[in-house]
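Single-letter residue listing:
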Amino acid sequence: MNLLSLYLDKPLNKSTIEYSLDLTLIKGVENGYYGYNKTLHAVLAPFGVLTLIAEEKKEILKALSTLGITLGSEDENAIITQDYPIRIDPSLGSAFEVTNEAIILKSASTHNLNIIALAVSQSVGLEHYEKRLNTLFLQSRRIVESIHTFSTTRRAHLMQFAKRLALTRHDMVSNLLLLDKPNILWDDAEAEALYNRLAFVLELYDRHETALSKLSQIKEDVMLVMDLINHKKSEFLEWIIIILILVEIVMGIMQMVK
């Protein structure tokens with residue numbers, strides 16, 4: 001079996017996927033949806049990642065073509081994807097085995113395919129935020145480098161940047177669902193073990209912590225620049241007050257002389 005997970009830059013709604021792929025999507029893991037027909041298993045994560053599983057790669061490519069999605073671009077705006085071979089081996093000594101090269105299952109079921117799709121889609125979603133953070137990190141460096149300049153326009157730009165940063169942090173924490181164990185795993189030890197193994201191989205928690213750490217660093221940079229700008233603004237206002245006082249004194253002296 002073949003699995004392909006991709007981030008949807010232009011979100012597809014549930015009805016579009018159902019109509020295009022000729023399947024019915026029902027509520028699945030963590031507010032996501034899943035559905036399948038004779039040749040294809042599809043999982044739509046709530047954070048904009050679509051995962052397709054099929055015996056043949058051509059079935060996945062056909063489904064993508066039907067949805068109007070084209071792969072193959074190598075520029076930095078290319079669709080983020082991740083693939084993972086899934087093998088079925090009835091003679092396997094345990095329920096599953098996960099390596100960097102493949103996922104091996106003793107038997108395939110809708111449940112464990114959904115668990116696999118969740119973990120891989122989280123990895124793809126995390127890569128999307130990692131790329132966004134890299135862009136924000138470069139922008140924060142440019143802001144720090146130009147700290148000696150000040151204008152009302154630049155202050156407004158900094159506020160917009162801080163807003164983007166806060167929204168990115170909120171989206172990453174709330175959408176990727178990596179801070180809490182998926183509810184479906186609480187009463188299923190085998191599913192929990194499969195998910196935990198996938199999370200370890202895909203380094204989900206380590207990457208999530210690294211991303212949050214980078215967010216904190218960018219936040220500190222923004223706070224530093226904001227403090228310095230506010231300090232400069234206070235200095236500017238103080239000088240205006242001093243000048244006004246001096247003008248008042250000069251005018252008073254001139255009045256006395258007259």
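Residues numbered from 1 in each chain as written. Predicted model: local features only at pLDDT ≥ 70, side-chain atom pairs only at ≥ 80, totals over all residues. Heavy atoms only, no water.

Chemist: Help me understand unusual backbone geometry in this model?
Modeler: Across residues other than glycine, the phi torsion is negative in most instances, and most of the peptide bonds are trans. Here D22, not a glycine, exhibits a phi torsion of approximately 55°, which is positive. Of note, D22 is situated in the loop between α1 (14-21) and β2 (26-27). Of the residues examined, D22 reaches a relative accessible area of 64% and is grouped as exposed. A positive phi angle is found at E203, which is not glycine, with a value near 55°. Note that E203 resides in the loop between α5 (189-201) and α6 (204-257). On the basis of relative accessibility, which here comes to 46%, the residue E203 falls in the partly exposed class. (Helix = DSSP H or I, 4+ residues; strand = E, 2+ residues; numbered from the N terminus. Buried < 20%, exposed > 50% of the residue type's maximum accessible area, 1.4 Å probe, protein only.)

Chemist: Got a minute to help me understand the pattern of salt bridges in this structure?
Modeler: Opposite charge on two side chains allows them to pair when their charged atoms are near. A complete count under the given rule lists two salt bridges for this structure. Between K14 and E18 there is a salt bridge, with its nearest N and O atoms 3.4 Å apart. Linking K14 with E18, this pair stays in helix α1, spanning four residues, or about one helical turn. For K14, a relative accessible area of 29% translates into the label partly exposed. For E18, a relative accessible area of 18% translates into the label buried. A salt bridge links R207 to E130, with the shortest nitrogen-to-oxygen separation between them at 3.0 Å. In this pair, R207 sits in helix α6 while E130 sits in helix α3 (residues 110-145), placing the two residues 77 residues apart along the sequence. (Salt bridge = Lys/Arg side-chain N within 4 Å of Asp/Glu carboxyl O.)

Chemist: What exactly am I supposed to notice about the nonpolar core here?
Modeler: Note that soluble globular proteins tend to have their nonpolar side chains buried in a common cluster. One finds Y84, I86, V98, I103, I116, M172 and Y195 to be the most contacted residues of the largest nonpolar core, which totals 48 residues. Sorting elements by how many residues they give to this core places α3 first, with twelve residues. The contact partners of M172, leaving out residues within four places of it in the chain, are Y129, L133, H208, A211, L212 and L215. Formed by 19 residues, the second largest nonpolar core is a distinct cluster that contains L8, L44, I60 and L64. (Core = buried A, V, L, I, M, F, W, Y, C linked by side-chain atoms within 4.5 Å. Contact = heavy atoms within 4.5 Å.)

Chemist: Teacher, can you tell me more about the side chain of N114 here?
Modeler: Structurally, N114 is set in helix α3. With residues up to four places along the chain from it excluded, the contact list for N114 reads V29, Y34, H41 and V43.

Chemist: Please explain the pairing of strand β1 (residues 2-7) as it appears in this structure.
Modeler: Counting buried residues along β1, six of its six residues qualify, which places the element largely inside the surrounding structure. With burial as the criterion, each face of β1 is covered, one bearing N2, L4 and L6 and the other bearing L3, S5 and Y7. Judged from the six bridges that link them, β1 and strand β5 (residues 49-54) form a sheet pairing that is antiparallel. Within β5, the position partnered with Y7 by the bridge is V49. Two elements, β1 and strand β6 (residues 81-88), share five bridges in a ladder whose sense is antiparallel. Paired with N2 across the bridge in β6 is P85. (Pairing = 2+ DSSP bridges.)

Function cannot be read off these values alone, since they describe shape.
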